[in-house]
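Results of the structural survey
Here's the letter readout for the chains.
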Amino acid sequence: MDHRIKELDGLRGVAVIIVMALHIFKRAAYFTEHPVLLSITKITSIGWVGVDIFFALSGFLITSILLRAKREEHYFRNFYVRRVLRIFPLYYAALAFLLLFAPKIEPEFTKQLNVALPVLLLYQQNWAMLFKDFHITQYLGITWSLAIEEQFYLIWPLVVFFLNRERLLKVSIGYIVVSLMARIIGVIFWGDLGDVSRFFYYASFARFKEMLFGALLAVYLTGEGSREQVRRYSLPLFLVSFFGIYSVVPNVDAGFPASGICQLPINGWRIHNRRAVYNRIGRSLCYTPGTGCVASGVPESHSRVFW
């Protein structure tokens, strides 16, 4: 049975496009100060939201897979073998290719190669990026989001396997609430706003929250009557959360997960209102080479490796 949701491929395609636009125009701005280009660069700076979209989608899709797999044999073996085959070959091939050329482009990277290589091999680059004296080439630094996803994949299958639906809902909601409180406390009591923003942006346990928004939706949809409730309330909830978060917290760079909060209801709305115009756009992107389906066939973070 094909459980693929083509509309989410389209949403993933949108995320790929805005992330690519962010990096393309950010680099173009280094070489010119043309007012039109600078204006476009400011508009595309919202592309960081695409990373949050990837995380929310990953949480939803992976949790959906795990919930179905609980009824099958070899739960852990099947999941981890599929993840390894899906991610490891392309990641390590890209890593080997970039390690050949990055030292020539950035000689400073060669000095820390003995430290950076184990970090990259073990998917720990997001933690390493919290240290200011740690230098990693920009061509590999963007794999920090993939590292967070790999760490999530290591832990979350165990949680899903041992907890029932009600406890999964409580754990997901509890983790999200604690994460939000930690961010608020950090902003209030941490002396340097830039440091707190950087910490909550790269720390794994802080970014798991976006994935758990998606996981929460996946778990909730397994309940009786939940699909109709999602169909009815997800769009109003999205609008309230979107305008509420961006009006109360205009500086979302301070570590507040605005896009993650909005992703929970909008994903549900898109899944269960497939006749909507937005979903038809998503489907068209899914069938456009280089957007949604390409990103879904390759681990999401790999679409950012070369940017």
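The coordinates are above.
Each value, and the rule that gives it
Residues numbered from 1 in each chain as written. Predicted model: local features only at pLDDT ≥ 70, side-chain atom pairs only at ≥ 80, totals over all residues. Heavy atoms only, no water. Patch = residues over 30% accessible without salt bridge, like charges linked within 9 Å, V, L, I, M, F, W, Y side chains within 5 Å. Areas by Shrake-Rupley, 256 points an atom, 1.4 Å probe, with all protein chains shown as cover. Salt bridge = Lys/Arg side-chain N within 4 Å of Asp/Glu carboxyl O. Helix = DSSP H or I, 4+ residues; strand = E, 2+ residues; numbered from the N terminus. Buried < 20%, exposed > 50% of the residue type's maximum accessible area, 1.4 Å probe, protein only. Lys, Arg positive; Asp, Glu negative; His and termini not counted. Contact = heavy atoms within 4.5 Å. Axes fitted to C-alpha atoms, helices over the stretch in contact; angles between N-to-C directions. Parallel < 35°, antiparallel > 145°, perpendicular 65-115°, else oblique. Left-handed = near helix turned anticlockwise from the far one by under 90°. Nonpolar A, V, L, I, M, F, W, Y, C, P; charged D, E, K, R; others polar. Expected span 1.5 Å × (residues − 1). Phe/Tyr/Trp six-rings, centres within 6.5 Å; stacked < 30°, edge-to-face > 60°. Lys NZ or Arg CZ within 6 Å of the ring centre and 35° of its normal. Core = buried A, V, L, I, M, F, W, Y, C linked by side-chain atoms within 4.5 Å.

Further remarks concern a nonpolar patch on the surface. Where nonpolar side chains cluster on the molecular surface, the patch consists of Ile 173, Val 177, Met 181, Ile 184, Ile 185, Ile 188 and Phe 189 and spans about 700 Å² of accessible area. Looking at the secondary structure, you find Phe 189 in helix H10 (residues 165-189).

In the Ramachandran plot, His 74 falls in the positive-phi region, its phi being about 55° despite a non-glycine side chain. Following the sequence through the fold, His 74 ends up in the loop between helix H3 (49-69) and helix H4 (75-105).

Moving on to the side chain of Glu 150. Tracing the backbone through its elements, the reader meets Glu 150 in helix H9 (residues 144-162). Salt bridges are absent for the buried Glu 150, whose nearest opposite-charge side chain, Arg 83, sits at 6.7 Å. For Glu 150, the contacting residues outside a window of four places in its chain are Ile 87, Phe 88 and Tyr 123.

Moving on to the packing of H10 against helix H12 (residues 204-220). Two quantities define a packed helix pair, namely the angle between the axes and the distance from one axis to the other. At a minimum axis distance of 9 Å, the contact between H10 and H12 shows a crossing angle of 150°. If you check the angle between H10 and H12, you find them roughly antiparallel. Once H10 is placed against H12, the crossing between them reads as left-handed. Note on element contacts: H12 touches H10 through Phe 205, Ala 206, Arg 207, Phe 208, Lys 209, Glu 210, Leu 212, Phe 213, Leu 216, Val 219 and Tyr 220, opposite Arg 165, Leu 168, Leu 169, Ser 172, Ile 173, Tyr 175, Ile 176, Ser 179 and Arg 183. Class assignment for the residues of the contact of H10 with H12 results in 13 nonpolar, two polar and five charged.

Its 25 residues place the ends of H10 36 Å apart at the C-alpha level, agreeing with the 36 Å of an ideal helix rising 1.5 Å per residue. Those residues of H10 that fall on the buried side of the exposure criterion are Leu 168, Leu 169, Ser 172, Ile 176, Ser 179, Arg 183 and Gly 186. Its buried side turned inward, H10 meets H3, H9, helix H11 (193-202) and H12.

A word on the packing of aromatic side chains. For the structure on display, the rule yields 22 aromatic pairs. Each ring, one from Tyr 75 and one from Phe 161, has its centre 4.9 Å from the other, and the planes form 35°; the classification is tilted. Here Phe 161 lies in helix H9 and Tyr 75 lies in helix H4, a separation of 86 residues in the sequence. Note on Tyr 75: relative accessible area 5%, which makes it buried. Both rings, one in Trp 144 and one in Tyr 202, keep their centres 5.1 Å apart while their planes meet at 85°; by these two values the pair is edge-to-face. Of this pair, Trp 144 sits in helix H9 while Tyr 202 sits in helix H11, and the two are 58 residues apart along the sequence. Clustering of aromatic rings is evident, with ring pairs tying together Trp 127, Trp 190, Phe 199, Phe 200 and Phe 205. Just above the ring of Tyr 201 sits the side chain of Arg 207; from NZ or CZ to the centre is 4.7 Å.

Here the focus is the nonpolar core. Core analysis: the largest hydrophobic core is formed by 44 residues, its most contacted members being Leu 140 and Trp 156. If you list the elements that add at least two residues to this core, you get H3, H4, helix H6 (113-121), H9, H10 and H12. Setting aside residues no more than four positions away along its own chain, Leu 140 makes contact with Leu 95, Leu 98, Leu 99, Phe 109 and Leu 120. Ranked by size, the runner-up nonpolar core spans 16 residues in total, among them Ala 15, Leu 57, Ala 218 and Leu 221.

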